[in-house]
Amino acid sequence: MNPRIASLAGAAVLMALAAPLMAYAAPAGTVINDVTQLNPILVESVLAPTSIAEIVDAVKTHQGPISVGGGRFSMGGQTATEQALQIDMRQSDRVVRFSKENKEITVQTGITWRKILEYIDPHDLSLQIMQSYANFTVGGSLSVNVHGRYVGQGPLIHAVKSIRIVLADGSLVTASPTENQAIFYGAIGGYGGIGVIVGATLKLTDNVKVARRSEMMPTTAYRSYFFKQVRDNPGIIFHNADFTLGAYDSVRATSYDKTDKPVTIADRLMPKDKDYSLQRNALWMLSEWPFGPFLRNQVLDPFQYRGTPVEWRNYEASYDVRELEPESRKDSTYVLQEYFVPVDKFDAFVPKMADILNRHHVNVTNVSIRHAKKDPGTLLAWARNEVFAYVLYYRQGTSPAARQAVGVWTRELIDVATALDGAYYLPYQILATSRQFRAAYPQADAFFALKQRLDPTNKFRNKLWDAYYQPVSATVPADAVPAPTQVAPAGGPGPEIAPETRAYLQSLPGYQRDEAQTYLTLPEWLLVFGPDDYAHWVQAKAPSGYPYFGAIGQFWSYYGDVCTSTKAKYPFNFGYHAMVMVIGSSFTVENAIKGLYEGTIGQVTERLGRGGMSAEDAFGAKVAQEYVDFIRVEPWYEFPFANRLKRLWGETSLTGPDMLRKWERRLTLSLEYAVKAQYALLIKAGTKLAYGEEDTHVLALASNVTPAAVSAIPQAKIVRQFPDGTTLLSLPRYEAFHKSVTSLVNAGGMFQEIAGNGTILVTSIVPAAWRYDLAAGQVLFDKPILSDPALKRVTIAAPVEALHQIVLGLGERHFPIEHIFDY
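A brief structural summary. Quantities reported herein were computed from a predicted structural model and do not represent experimental measurements.

## Focus: unusual backbone geometry
You will see that Y248, though not glycine, has its phi angle at about 55°, which is positive. Relative to the helices and strands, Y248 is located in the loop between β13 (236–243) and β14 (250–258). One non-glycine residue, D421, lies in positive phi territory at about 65°. Within the element layout of this structure, D421 appears in the loop between α10 (400–419) and β19 (423–424). With relative accessibility at 40%, the residue D421 sits in the partly exposed group.

## Overview of the pattern of salt bridges
Scanning the model with the defined rule gives 43 salt bridges in all. Residue R461 pairs with D466 through a salt bridge whose shortest N-O separation is 2.9 Å. When its relative accessible area of 10% is taken as the criterion, R461 is described as buried. Since its relative accessible area comes to 15%, D466 is described here as buried. Residue K792 pairs with D782 through a salt bridge whose shortest N-O separation is 3.9 Å. Remark: D782 occurs in strand β25 (residues 778–785) and K792 occurs in strand β26 (residues 788–799); sequence separation between them is 10 residues. Residue classification places K792 among the buried positions, given a relative accessible area of 11%.

## Some thoughts on the sheet that holds strand β5 (residues 85–88)
Reading across the sheet, the three strands line up as β3-β5-β4 and stay open at both edges, with parallel pairing between neighbours. The sheet is open, and its two edges are formed by β3 (45–47) and β4 (66–69), each paired on a single side. Taking the axes of each pair of neighbouring strands and ignoring which way they run, one obtains an average angle of 30° across the sheet. Two strands pair when backbone bridges link them, and β4 and β5 are joined in this way by four bridges, in the parallel orientation. Counterpart to S67 in the pairing with β5 is Q86. Across the sheet, helix α1 (residues 52–61) lies against β3, β4 and β5, angled at about 170° from β5, the strand it touches most.

## Side note on the side chain of T501
With respect to the helices and strands, the residue T501 is situated in helix α14 (residues 499–506). The exposure class assigned to T501 is buried, which follows from its relative accessible area of 0%.

## Overview of the packing of aromatic side chains
In this structure the tally under the stated criterion is 48 aromatic pairs. Ring geometry for F340 and Y425: centres 5.2 Å apart, planes at 85°, overall edge-to-face. Placement of the pair is F340 in strand β16 (residues 332–342) and Y425 in the loop between β19 and α11 (434–440), with a sequence separation of 85 residues. Overall, the relative accessible area of 0% leaves F340 in the buried class. When its relative accessible area of 3% is taken as the criterion, Y425 is described as buried. Taken together, a centroid distance of 5.3 Å and an interplanar angle of 75° make the contact between F448 and Y469 edge-to-face. In this pair, F448 sits in helix α12 (residues 444–454) while Y469 sits in the loop between α13 (463–468) and α14, placing the two residues 21 residues apart along the sequence. By relative accessible area, F448 is classed as buried at 0%. For Y469, a relative accessible area of 12% gives the class buried. An aromatic cluster is defined as three or more aromatic residues linked by ring pairs; in this entry it consists of Y222, Y225, F226, F227, F346, F349, F388 and Y390. The aromatic ring of W312 is capped on one face by R268, whose charged end is 4.5 Å from the ring centroid.

Analysis parameters
- Residues numbered from 1 in each chain as written.
- Predicted model: local features only at pLDDT ≥ 70, side-chain atom pairs only at ≥ 80, totals over all residues.
- Heavy atoms only, no water.
- Helix = DSSP H or I, 4+ residues; strand = E, 2+ residues; numbered from the N terminus.
- Buried < 20%, exposed > 50% of the residue type's maximum accessible area, 1.4 Å probe, protein only.
- Salt bridge = Lys/Arg side-chain N within 4 Å of Asp/Glu carboxyl O.
- Pairing = 2+ DSSP bridges.
- Axes fitted to C-alpha atoms, helices over the stretch in contact; angles between N-to-C directions.
- Contact = heavy atoms within 4.5 Å.
- Phe/Tyr/Trp six-rings, centres within 6.5 Å; stacked < 30°, edge-to-face > 60°.
- Lys NZ or Arg CZ within 6 Å of the ring centre and 35° of its normal.

Put into structure tokens, the structure is as follows:
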């Protein structure tokens, strides 16, 4: 397979500002997407400037969010956010200055690498560093601080002499390693969060002839081979290695050596009209056919790497992403990921990477290895040390379930990389937790401090910064963020929710619900969790063994903990406490009676029987499960107990084996269903009298949610989208709420408020020995699961704005979220 597939890591990477694959301008309200077609984003309008003056004016006058884009080759919304002005840089593509003698070129940043190559090739010059595909724009490449396959190089910043950037106040600043250094090292690799990079002066080098050679070797031999034969060899221009797929136990190492031999490929640049049908068909076979990896390893690669072609450096630098574009991305798409791990951790990372990819059956089409020397100081450096870069190109489905599955194995890979002091690359799908982001980018706070100082109202936004940006504390030392020489002092950060959004929310009847309810509903839900535990118990065990009295004690213990947690923070809600006392008392009476009865009479009839379950036992277990399934979505008093009483007598025979047990169960269940049917009527009437009809939906303010993610949730809908990028959602309550939140979070969504509140309760079932280690949230109390002492229930007070971190963090640890309490 083409080794440059991986290089879409310098290519598809991109932040987006690349080649003209899409229209230059778009009408207001246009949906912007990226190359994967996974991230549709509705922007307010699109500006396609040709001059710096237009950009300065737009930044000064536009009141809402601004995002910067171009070819849109990023893969997670890094170039846009909802209702933003998107500045499409692709028409700002002129060469401003060129010096053959100094080997440098100054360009507008909407220019593509291909256009620069066309300009400098007649002068026998080449770019010092770029990614392997030439379609992408310079601005996008700077924003993600790309790398390529160049030996002895690394991040693009090594080849940048200076940049010009428009900041949030409209000022135009020049930044370099010696002037406005903080901006230089923040904006490069800053994903459009600091400002609009409008110009760049880049280092050039000689365009030379190169000869390709490749060889196979065991994976375990590659690191030593690279350090002995490649790393310090000035005669090698390009180098990468590609794993054999499946086993990942061997690699093909490919180098391009500087040579004086005559070229065997006459073209100095890759022809623009080249036919890529062969490459596309090969990619399709590799990802679609069950024996695709074998075909690639044994047929395609040996055929492609036969011989030793000689070509110009610029030819090898001018590949076109069209060779990778499938016929359709509707049902499936091709996506990149990249991980950076210190070179001395090669042998530790590769087996773990292979295990994760194989265990999750990832449809990998290529995994390539690159090398990069240490970053010189960018705040979001992905090469904090000398690293090998592992570039994954894979095929995935576009359904919510397929995207969720990708998130699972991606977060596993991120944990492996960061545990080895490595990082993951940010231009791709935004799947990492906040904890993982900070582990990979430990200087994030320094970047956030710079952004807060230069962009106090968070004007420059996109989905990446919507996900991770957090204004730093006001106690950050001023000298931690040097002020630029041409920028006026800035004020503090703007509000998290825009005033016009807040005003609209406050005008909505029923938007705000009592925050104390998230705590007070826990005792109610214990009347779901307890029966659920009981239902599972009686499927296989005798009812007499269930810990009825332990359940009583635990209920009141939870209620006491809830009272302690709420009494100092919220007004006393007499009506709700009264309801809890009523249902708690009935729960106590029911379980006390059952405990006494099952421990005596029930146990006697069990022992006198012949073993096994009577028809009535089986019926009772079935109804217990039906009851649990019902009350997860409806109030318990709506359950048709009378109907189950009728069915008990209609569906079970009056005669049969173990008549004593049979009739004891029949009479016991009949009494239970009859009493509960009448009691439910009383509770239902009292509830409606005190509270009226139950609300079936709750309103939530969220960001980074897509229409597709919402439409995948039954009964959920988008109520309104706001200019500040947030979306008001109507979500179903009870069990469906818990599932809705989890689904949205797994699709990349985040919440600002739920029912107007900033805290929400979450419970999870975890191993008894686990100690809470998530970055957000606080465990209020935990208690053992009575029927399984190896487990416990943890009750977490979760900040709503960090709810996604907690949901994903628990998911990473494979701990089920039992419930999210919707007030």
